[in-house]
Amino acid sequence: MMRRDECLSVLAKWRGSAAVIAAYSAAFDWARVSPSPLNFAAVGAMGQASSHGLGMALGMPERKFIVLDGDGSLLMNLGCLVTNADAAPENLVHFVFENGCYEANGSHPIPGQNRVNFAGFARAAGYPAVFEFDVLDDFAAHLPGVLEAKGPVFATLRVVAGASSKLDYRAIKSREARHSFTVALREAIT
């Protein structure tokens, strides 16, 4: 197993100019590891991070969009896998942090914990590139190829939480944070 914050630190080195849509616990960790106006927190709508990412990726095909999802969150909207694969945005990379629980809601176990195969779901849905990682060095070595693969790309990262991040929902969902994100996206296309 890998620590989520260590995975995010590796990803931050390869982020480039990608916009990142992150769900719940990953959103707070990502904001700490890679602060940027191109971070969008998908909190308050469990299961919708990849749907937000899909809409943005389709609307701005010239920019890379990275979704940082949780396994519990993805379970809330498994149909997104079929929708994403069918829409086939080449600029969308969907990471799922698999820790076997609804971490943001008290770490209660997800249904099918240790039996569900998220990468298998993505393959069956039609994602052209699917990866699975549970060793940090392996993830770090393969990450450039994951990010360069023709999307939509799906990767399962088997993780434990790692260092705690401040859970400031007010700041991460603020009007200012949303405005900064919108301005940063607009600046990128002008």
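Residues numbered from 1 in each chain as written. Predicted model: local features only at pLDDT ≥ 70, side-chain atom pairs only at ≥ 80, totals over all residues. Heavy atoms only, no water.

This part takes up the overall build of the protein chain. Along the backbone of the protein chain there are nine helices and nine strands. Burial status across the protein chain gives 49% buried among its 190 residues. Contacts spanning at least 24 positions in sequence make up 73% of the contacts within the protein chain whose residues lie at least 6 apart. (Helix = DSSP H or I, 4+ residues; strand = E, 2+ residues; numbered from the N terminus. Buried < 20%, exposed > 50% of the residue type's maximum accessible area, 1.4 Å probe, protein only. Contact = heavy atoms within 4.5 Å.)

The subject of this paragraph is unusual backbone geometry. Look at the link from glycine 151 to proline 152: it is a cis peptide, with omega at 5°. A positive phi angle, close to 55°, is found at alanine 88, a residue other than glycine. On the secondary structure map, alanine 88 appears in the loop between helix H5 (79-87) and strand E5 (92-98).

H5 packs onto helix H3 (residues 49-59) with a crossing angle of 10° between their chain directions and a minimal axis gap of 10 Å. Overall, the two elements H3 and H5 adopt an arrangement that is roughly parallel. Read as a crossing pair, H3 and H5 show a hand that is left-handed. Where H3 approaches H5, its residues Ser50, Ser51, Leu54 and Leu58 are matched on the opposing element by Cys80, Thr83, Asn84 and Ala87. Looking at the contact of H3 with H5 residue by residue, the classes come out as four nonpolar, four polar and no charged. (Axes fitted to C-alpha atoms, helices over the stretch in contact; angles between N-to-C directions. Parallel < 35°, antiparallel > 145°, perpendicular 65-115°, else oblique. Left-handed = near helix turned anticlockwise from the far one by under 90°. Nonpolar A, V, L, I, M, F, W, Y, C, P; charged D, E, K, R; others polar.)

Don't take any of this as a statement about function, it's just geometry.
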